[in-house]
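Next come the chains, spelled out residue by residue.
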Amino acid sequence: MKTLEKKEFLHLSEQDCIQIQNRLSSKVVQQDKVPFEKIQIVAGVDIAYWKEKENEMAVCCIVVIDIKQKNIIEKQHSVGEIRFPYLPGCLAFRELPLIMETAKKLNTKPELFLFDGNGILHPRGMGLATHASFYLEVPTIGIAKKYFSVEGATLTAPENFAGAYSNIIKKGEIIGRAIRTHQNVKPIFVSVGNNIEINTATKLAIQLTEKQSHIPIPTRYADLETHKKRKEYTANSV
């Protein structure tokens, strides 16, 4: 796991960010680094924002799951001011410092990270889950609740039954999948982050989704935790 300083990205222009993304995108590996049957410890990552006067604040929560038992084995969080501006398609430069600060606190070493966001389903193939993989140095998957429309990509809605999916295609290549984890619910949008194959990402997303929600439990628990922590921090700041 690499170290990332909070100030590392602050001097970057939008063009700098795009150049970094283009350079890293050629290094993405869409093959399994860890065989599917050997994956046991995974982590869900999410971030929630709020305002304190003129400052934009955020909390990152990471929840570590044993996927065989489907139980939580560790939770960590970090809170801080977000100083990097919002630039379309450059979300990672805002969120990675806080994510890495939280990941460094983990006592457990996850074999895989799932992000509430996108991987290669991105204009330059460098969504948050993919960019983060170069710092976490383990496989990553993007699990998005909303479809991020990439220019030139096509998507047909999956059929209405649990486990149905349809590919998101750009220039003849699969850059993501719309997966209906339950009947009569909206699909989720799964994409390779890095060092994993789309079929493995699909299997994990379906396997890790329970009856209570159409979202896989690692990112679902991380999402619930960020809402809880945000409520705590905003209550304390009043």
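Refer to the structure presented above.
Each chain carries its own residue numbering, running from 1 in the written order of its sequence. Note on the predicted model: pLDDT of at least 70 is required for a residue's local features to be given, and 80 or more for side-chain atom pairs to be given and counted; whole-chain, interface and lining totals, by contrast, use all residues. Heavy atoms from the whole structure form the basis of all side-chain values; hydrogens and water molecules are not counted.

Some points on the environment of Val138
We count it as follows: Starting at the N terminus, helices and strands are each numbered in turn, a helix being any DSSP run of H or I of at least four residues and a strand any DSSP run of E of at least two. Exposed residues in this analysis have more than 50% of their type's maximum accessible area, buried residues have under 20%, and partly exposed residues fall in between, with area computed by a 1.4 Å probe over protein chains only. Contacts are residue-level and defined by heavy atoms, with any inter-residue pair within 4.5 Å sufficient.
Secondary-structure assignment places Val138 in the loop between helix 3 (128–136) and strand 5 (140–144). Assessed through its relative accessible area of 9%, Val138 is described here as buried. Sequence separation between Val138 and Met1 is 137 residues, and the spatial gap between their C-alpha atoms is 8.2 Å. Beyond its immediate chain neighbours, meaning those up to four positions away, Val138 contacts Lys109, Pro110, Glu111, Phe113 and Ser133.

What about the packing of helix 2 (residues 91–103) against helix 3?
Definition in use: Geometry is summarised by axes, namely lines fitted to C-alpha atoms with helices restricted to the contacting stretch, and by angles between N-to-C directions that run from 0 to 180 degrees. Every angle not falling under 35 degrees, over 145, or within 65 to 115 is termed oblique; those three ranges are roughly parallel, roughly antiparallel and roughly perpendicular. For any helix crossing, the convention is left-handed if the near helix is rotated counterclockwise from the far helix by under a right angle, and right-handed if that rotation is clockwise. Residues are grouped as follows: Ala, Val, Leu, Ile, Met, Phe, Trp, Tyr, Cys and Pro are nonpolar; Asp, Glu, Lys and Arg are charged; all remaining types, including Gly, are polar.
At a closest axis distance of 10 Å, the pairing of helix 2 and helix 3 adopts a crossing angle of 45 degrees. When the axes of helix 2 and helix 3 are compared, the pair comes out oblique. The element helix 2 and its partner helix 3 pack so that their crossing is right-handed. Contact residues: helix 2 offers Ala92, Phe93, Glu95, Leu96, Ile99, Met100 and Ala103, while helix 3 offers Leu128, His131, Ala132, Tyr135 and Leu136. Residues that form the contact of helix 2 with helix 3 fall into these classes: ten nonpolar, one polar and one charged.

Regarding the sheet that holds strand 8 (residues 173–180)
The condition is simple: Strands qualify as paired when DSSP identifies two bridges or more between them.
Taken together, nine strands build an open sheet; the order of strands is 3-2-1-4-5-9-8-7-6 and the sheet is mixed. Strands with a single pairing partner mark the edges of an open sheet, and in this sheet they are strand 3 (71–81) and strand 6 (153–154). Here strand 7 (residues 164–170) runs beside strand 8; their pairing, made up of seven bridges, is antiparallel. Across the sheet, residue Ser166 finds its bridge partner in strand 8, namely Ala178. Lying over the sheet, helix 4 (residues 198–207) contacts strand 4 (112–115), strand 5, strand 7, strand 8 and strand 9 (188–194), oriented at roughly 15 degrees with respect to strand 8.

Quick look at the pattern of salt bridges
Using the following cut-off: Criterion for a salt bridge: a side-chain nitrogen of Lys or Arg within 4 Å of a carboxyl oxygen of Asp or Glu.
Taken as a whole and assessed by the stated rule, the structure comprises four salt bridges. Note that Glu225 and Lys75 form a salt bridge whose closest N and O atoms lie 3.4 Å from each other. Placement of the pair is Glu225 in helix 5 (residues 217–237) and Lys75 in strand 3, with a sequence separation of 150 residues. With its nearest N and O atoms 2.7 Å apart, the salt bridge here joins Asp116 to Lys145. One end of the pair, Asp116, is in the loop between strand 4 and helix 3; the other, Lys145, is in the loop between strand 5 and strand 6, with 29 residues separating them in the sequence. Taking relative accessible area as the criterion, Lys145 reaches 40% and is therefore assigned partly exposed.

Structural notes on helix 2
Which entries qualify depends on this criterion: Helix span, as expected, comes to 1.5 Å for every residue beyond the first.
With 13 residues, helix 2 extends 18 Å from end C-alpha to end C-alpha; this agrees with the ideal 18 Å at 1.5 Å per step. For helix 2, the tally of buried residues reaches eleven of 13 residues, placing the bulk of the element in the interior. Within the sequence span of helix 2, burial applies to Ala92, Phe93, Arg94, Glu95, Leu96, Pro97, Leu98, Ile99, Met100, Thr102 and Ala103. Each element contacted by the buried residues of helix 2 is listed here: helix 1 (14–25), strand 1 (41–52), strand 2 (55–66), strand 3, strand 4 and helix 3.

Read these as layout, nothing more, since geometry by itself doesn't imply function.
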